[in-house]
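Coordinate inspection notes
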Amino acid sequence: MSVNRTLYLFSRLQRHFNTRTAHITAGSCRVLSGSRLLLQHPLPGSVVCCRVVSSNSSPPKTPDTSLFVPVSLKTDVPADGTVGAELTQPLDKNELLKVLNKFYKGKEMQKLAADQGLDARLFHQAFISFRKYVLEMTSLPADLHIILSDICHNAGHIDDIYPYFMRHAKQIFPMLDCMDDLRKISDLRVPANWYPEARAIQRKVVFHAGPTNSGKTYHAIQRYLTAKSGVYCGPLKLLAHEIFEKSNSAGVPCDLVTGEERTFVDPEGRAAGHVACTIEMCSVNTPYEVAVIDEIQMIRDPSRGWAWTRALLGLCAEEIHVCGEAAAVDFIRELMYTTGEEVEVHTYQRLTPFSVLDHAVESLDNLRPGDCIVCFSKIDIYSLSRQIEARGLECAVIYGSLPPGTKLSQAKKFNDPGDSCNILVATDAIGMGLNLSIKRIIFNSLVKPNVNEKGEKQMETISTSQALQIAGRAGRFSSIFKEGEVTTMHRDDLPVLKEILSNSVDPIETAGLHPTAEQIEMFAYQLPDATLSNLVDIFVSLSQVDGLYFVCNIDDFKFLADMIQHIPLNLRSRYVFCTAPINKKQPFVCTSFLKFARQFSRDEPLTFDWVCRQIGWPLTAPRNIKDLVHLEAVHDVLDLYLWLSYRFMDMFPDTAMIREIQRELDDIIQQGVQNITRLIRATNPNITDPLQPQSNLSERTGAEADSSALLSRTRGQGSLAGMMEKSLASRLVRDGLLTPDLLKQLQREWSKSQRQEGGSQSALTADLNNKSIKGKRKKKK
C-alpha cells in the first residue's frame, strides 16, 4: 500500500470516528430533548403531562422486558466502506466466533450491561443479534473492524467490545435510551391533577347511598332537573335514554349523547343546558351546575372502571351527585380527600321489601304470573322459554346482546297487565336499565361464567353485590307488586342463595385507570417502530399507580390492535379503532371491523351501499336461532358504523340511512324474539325439559326416550352422558364443580375403561367357548 493511500485512509477513518461520536451524542440528545419538548408542550387535549409527582414517590417500577421487541436493523454498507479491512486484514470468522462467545460469558460484561438496563433476557437477545451482525455483514464499520482484529491478534482486550455491543443493543432496543421519559409518561400516581379545570373550582360532592329500589337515583335526578345546567352519566344507553325522555317530559330541554347517537332537542342543533349520556361520553371540559354519576360502584369494574374515575375526578360541576351502593362510601370519601373535597352522604332504605322464600320452585309447573327466571347463559334461556311455552304459558325474553329497542319491547310486553305474557326469562341484563313489574325472582343458577386475570374462562358463584342487584328487581316501588320474593329453581341452591344474600357487600378499595391517546402518542414518539399492542403492553408494564387505583384490563384493546396491525393507519386513527366497543366473540362483527378498517385505510368513504353489500341487506326474518344470532351481530355492526361515524364523520357519511335500516332490523329481531319458541324448535326439535326428574324416564313415550338419548349424546358426546344421571352432570358443570374439559376427559377414561372391560370380557368368553368346544370333541371321541 502506497504512503499516499495510507494517509488517505487514515484521514477518512479520523473523520468517521468524529462523525460517529457526534452522531451518538446527538442521537441521545434528540431522544431526551424531544421528550422534554413533548412534556413542555403537550398535544391538544392532553392532560397527562401537567401532573405533579410527589417527591416521596415509590421507586421506579422494574419493566417487564419480555415485552421489549427488538427492532430489525438495516444491513447497509457502512459509510467508510472497507477501510477497516484495508487498514488491517479480513477477519477470520472462526476466530471471531470464539472471541464473541468469550465476551458473552464474561460476568463483568453482563453486570455492566445490567446497569444499563439489559437484564439477562435482553443481554442474550442483544448478543445473538450482535453476533449475527458481526458474522454476516460483508463489511463492518472501520472502528469495530479494527477493534475485533486487534482482539483476534491478541493486541486488544476482549472487554473492548463492550461499547460497540451496547451501541448495537440500544439500536435494537431503543427504549433503553429513553426509559426515564417512558416512566414519566406512564406515571399514573396522581390522576386528580390531570383535570385542572375541576381542581380550579370547589365542588360539592353528595353521595346518595342505598340498595336497589331505594329512591337514591330519583332524589339525585330531582336536583338535576331543577338546576340551570346538568349532566347525567349512566352505565347503559337505556338509562341515558330514560333520563333523556324523563327530562324532556318534565319540560327541561335535554340532549342525548351515547357512543352511537347524538340527539339535540334544538332543531338548529344548539346544545341544551342538560345532557344525558353514557359515562364514557361525558365531557370533562364543559361547566355544569349539577352532575349525576350513576352506579358509582362500577368504578372498580376491571374493564370500564376508568370511565367512573374520569367522571368523578374530572367533571366541572358545582355539585357532583353520586349514586350507588353504601359499600362505596368510604372509598369515595378517601378518593375525594386527594382532591380536598368533602363528601356529604344521604342514606336511603329500600321502598318495598323483598323476602327470600323457604322453598325452591323445582318445576316449571309451579310458575306464577310475575315470575322472572334469571339465567346466566343464552342456551338456558332458549331451553327454558320453550319448556314454558310447551306448558301453554307465554314468556318474554331479555338478554344482553339484544338491541335496546327489542329489550324495551319485551319489557313492555311483560309489564302490560292486559297481555297474556306474564313470565320473563332473562339474564342478569335486567339488573339495571329496565323498569320491570316482577313479583318473584327465580335464580336458575348461582354460578356465572367469568374471565380471570389470565384471560381464562371459569365459572364463579355470583357475588353478594350481583345477587342483591338482581334480587332487588322483585317488587319495585313503581310496579303493581308492592312486595318482592326471591328463590331458586333448584332445591340445593336455596341455602347457598340465603348465605350469599346474608353476607355484607365487599367494600370497594380501588378505582380503574386507562392509558389515553395522548400518552400512547408520546410513547410512539419515543418508540416509533413498536406496534400499538406492544406500546400499550410496555405502558402498562411501566405504569405506576398508588394504592387507590389499578390499570384496567386492556385485552380487548390489544385484540383489536393485533387484528388490524397489518393495515396502514396513522396512530391516532388506529387507537380510535381499537377503542371501539365490539363483541370480539362474534366472528361476523370482527370480520366487519376488519373490513371497515381496511376500507378506511384506502381513504375510501364507507357509504350506505357499501355497508349494505357487506351485511347482505335487505335481511329476512330469522328461521332459526342461528339466524337470530346473526341478525344480532348485524345490529352490532351497524352500531359500530354509527360509533365510528361520530369520530370520522367524513369517512362514515351515511349515518341517517344506517340508522333507518337499523330500526328496520330491530323490528325484524323483535319479530324473531316473539317467535323464539318456533326458532328453537326449528334449530333443535329434540330439546326436553331440563328439570324433569330422572325417575320419570321410564314413564316416557318411545319418542321422548329417543329425544332424551339424543340430547345426552349432544351434551356428552360419549357414553358417560348416557350412563350418568343427566341432571347431575349438567348441574356439576353449571355449579363449576366440573368443567366441560374435565367432563370430556372423564368420558374418554370411561370409554377406555369400557373398551378394556369389553376386551377382557370378549377374551374370557372366547376362552370359555374354546374350552367348551374342546370338551365336546373329547366326549365325541
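Residues numbered from 1 in each chain as written. Predicted model: local features only at pLDDT ≥ 70, side-chain atom pairs only at ≥ 80, totals over all residues. Heavy atoms only, no water.

1. A few points about the overall build of the chain
Check the secondary structure of the chain and you find 30 helices and 18 strands. Counting every position in the chain, which comprises 781 residues, the buried fraction comes to 47%. Partitioning the contacts of the chain with sequence separation of at least 6, the portion at a separation of at least 24 is 76%. For the chain, the exposed area adds up to about 38,300 Å²; of that, 53% sits on carbon and sulfur atoms. (Helix = DSSP H or I, 4+ residues; strand = E, 2+ residues; numbered from the N terminus. Buried < 20%, exposed > 50% of the residue type's maximum accessible area, 1.4 Å probe, protein only. Contact = heavy atoms within 4.5 Å. Areas by Shrake-Rupley, 256 points an atom, 1.4 Å probe, with all protein chains shown as cover.)

2. Brief notes about the nonpolar core
General note: in soluble globular proteins, nonpolar side chains tend to be found buried as a group. Ranked by size, the top nonpolar core spans 163 residues in total, and within it Ile161, Phe165, Phe577, Phe596 and Phe652 carry the most contacts. Counting residues per element, this core draws most heavily on helix H24 (residues 625-645), which supplies twelve residues. If sequence neighbours within four positions are ignored, Phe652 has contacts with Phe577, Phe596, Phe600, Leu606, Tyr641, Leu644 and Ser645. Cys372, Phe414, Leu424 and Ile462 belong to the second largest nonpolar core, which has 27 residues in total. (Core = buried A, V, L, I, M, F, W, Y, C linked by side-chain atoms within 4.5 Å.)

3. Focus: the side chain of Ser385
Of note, Ser385 is situated in helix H14 (residues 378-390). The contacts of Ser385, once residues within four sequence positions are left out, are Cys395, Val397, Ile676, Thr677 and Ile680.

4. Overview of the sheet that holds strand S2 (residues 230-234)
The strand order across the open sheet formed by eight strands is S4-S3-S5-S2-S6-S7-S1-S8, and the pairing between neighbours is mixed. This sheet does not close on itself; its edge strands, each paired only once, are strand S4 (262-263) and strand S8 (343-347). Judged from the five bridges that link them, S2 and strand S5 (residues 274-278) form a sheet pairing that is parallel. Note that in S5 the partner of Val231 across the bridge is Val275. Lying on the sheet, helix H10 (residues 216-226) is in contact with strand S1 (204-209), S2, strand S3 (254-257), S5, strand S6 (287-293) and strand S7 (316-324); it crosses S7 at an angle near 160 degrees. (Pairing = 2+ DSSP bridges. Axes fitted to C-alpha atoms, helices over the stretch in contact; angles between N-to-C directions.)

5. Topic: the sheet that holds strand S16 (residues 484-488)
Across a sheet, strands are paired by hydrogen bonds formed along the backbone, either parallel or antiparallel in direction. Spatial strand order, S9-S16-S13-S10-S12-S11: six strands in an open sheet with parallel pairing. A strand with exactly one partner marks an edge of an open sheet, and here the two such strands are strand S9 (354-356) and strand S11 (394-398). Sheet twist, expressed as the mean angle between neighbouring strand axes with direction ignored, is 25 degrees. Pairing between S11 and strand S12 (residues 421-426): five bridges, direction parallel. Bridging across to S12, Cys395 finds its partner in Ile423. Along the sheet face, helix H15 (residues 404-415) touches strand S10 (371-374), S11 and S12 and points at about 150 degrees away from the line of S11.

6. What to know about the packing of helix H3 (residues 93-105) against helix H5 (residues 120-136)
Running from N to C, H3 and H5 cross one another at 165 degrees; their axes reach a closest spacing of 11 Å. If you check the angle between H3 and H5, you find them roughly antiparallel. Considering how the two elements wind past one another, H3 and H5 form a crossing that is right-handed. Between H3, through Lys93, Leu96, Leu97, Leu100, Asn101, Phe103 and Tyr104, and H5, the contact on the second element is made entirely by Phe123, His124, Phe127, Phe130, Arg131, Val134 and Leu135. (Parallel < 35°, antiparallel > 145°, perpendicular 65-115°, else oblique. Left-handed = near helix turned anticlockwise from the far one by under 90°.)

7. Considerations on the pairing of S16
In terms of burial, S16 is largely enclosed, as five of its five residues are buried. Residues Gly484, Val486 and Thr488 point to one face of S16 and Glu485 and Thr487 to the other, with burial holding for every one of them. As paired elements, S9 and S16 share three bridges and run parallel to each other. Residue pairing across strands places Phe354 opposite Gly484, the latter belonging to S16. Here strand S13 (residues 440-443) runs beside S16; their pairing, made up of four bridges, is parallel. Bridge pairing in S16 places Arg440 opposite Glu485.

8. Describing the confidence of the model for the chain
For the chain, per-residue confidence averages 81 on the pLDDT scale, and 77% of positions sit at 70 or higher. Low confidence marks residues 688-727, where pLDDT is under 50. Its contacts with residues over four positions away, or in another chain, come to 45 contacts. The low-confidence segment residues 776-781, where pLDDT is below 50, has zero contacts with residues more than four positions distant or belonging to other chains. (pLDDT = per-residue confidence, 0-100.)

9. Thoughts on the pattern of salt bridges
The full count for this structure, using the stated rule, is 29 salt bridges. Two residues, Glu521 and Arg572, come together in a salt bridge whose shortest N-O distance is 3.1 Å. Note that Glu521 is positioned in helix H18 (residues 517-526) and Arg572 in helix H21 (residues 571-578), a separation of 51 residues in sequence. (Salt bridge = Lys/Arg side-chain N within 4 Å of Asp/Glu carboxyl O.)

10. Considering unusual backbone geometry
Following Trp617, the chain continues to Pro618 via a peptide bond in cis, the omega torsion being 5 degrees. Mapped onto the elements, Pro618 comes out in the loop between helix H23 (608-615) and H24. Backbone geometry at Asp603 places phi at a positive 60 degrees, although glycine is not the residue there. With respect to the helices, strands and loops of the structure, Asp603 is situated in the loop between helix H22 (587-601) and H23.

11. Here we look at the environment of Gln614
Its place among the elements puts Gln614 in helix H23. Sequence spacing of Gln614 and Ser592 is 22 residues, and the spatial spacing of their C-alpha atoms is 7.6 Å. Aside from chain neighbours lying at most four places away, what touches Gln614 is Phe588 and Lys595.

12. Remarks on the packing of aromatic side chains
Enumeration over the complete set of coordinates arrives at 18 aromatic pairs. Taken together, a centroid distance of 6.4 Å and an interplanar angle of 25 degrees make the contact between Phe600 and Phe652 stacked. One end of the pair, Phe600, is in helix H22; the other, Phe652, is in the loop between H24 and helix H25 (655-674), with 52 residues separating them in the sequence. Per residue, the accessibility class of Phe600 equals that of Phe652, and both read buried. Chaining the aromatic ring pairs together yields one cluster made of Phe577, Phe593, Phe596, Phe600, Trp610, Tyr641, Phe648 and Phe652. A cation sits over an aromatic face here: Arg262 above Tyr646, 4.2 Å from the ring centre. For Arg647, the ring lying beneath its charged end belongs to Trp643, and the centroid distance is 3.8 Å. (Phe/Tyr/Trp six-rings, centres within 6.5 Å; stacked < 30°, edge-to-face > 60°. Lys NZ or Arg CZ within 6 Å of the ring centre and 35° of its normal.)

13. Quick word on the state of the cysteines
Taken as a whole, this structure holds zero disulfides when the rule is applied. With no disulfide of its own, Cys372 has Cys375 as its nearest cysteine by sulfur position, at a separation of 8.6 Å. In this structure Cys372 comes out as buried when scored by relative accessible area, which is 0%. (Disulfide = S-S within 2.5 Å.)

14. A short note on the side chain of Thr212
On the secondary structure map, Thr212 appears in the loop between S1 and H10. If we skip the residues at most four places from it in the chain, Thr212 touches Arg350, Leu468, Gln469 and Gly472.

15. Regarding the environment of Gln469
You can see Gln469 is positioned in helix H16 (residues 464-471). Along the sequence, Gln469 and Asp428 sit 41 residues apart, while their C-alpha atoms lie 8.8 Å from each other.

16. What about the environment of Thr352?
Among the secondary structure elements, Thr352 is positioned in the loop between S8 and S9. Distance in space between the C-alpha atoms of Thr352 and Gly475 is 6.6 Å, their sequence separation being 123 residues. There is a polar contact of 2.7 Å between the side chain of Thr352 and the side chain of Asn213. (Polar contact = N/O pair within 3.5 Å; in protein donor to acceptor, adjacent residues only side chain to side chain.)

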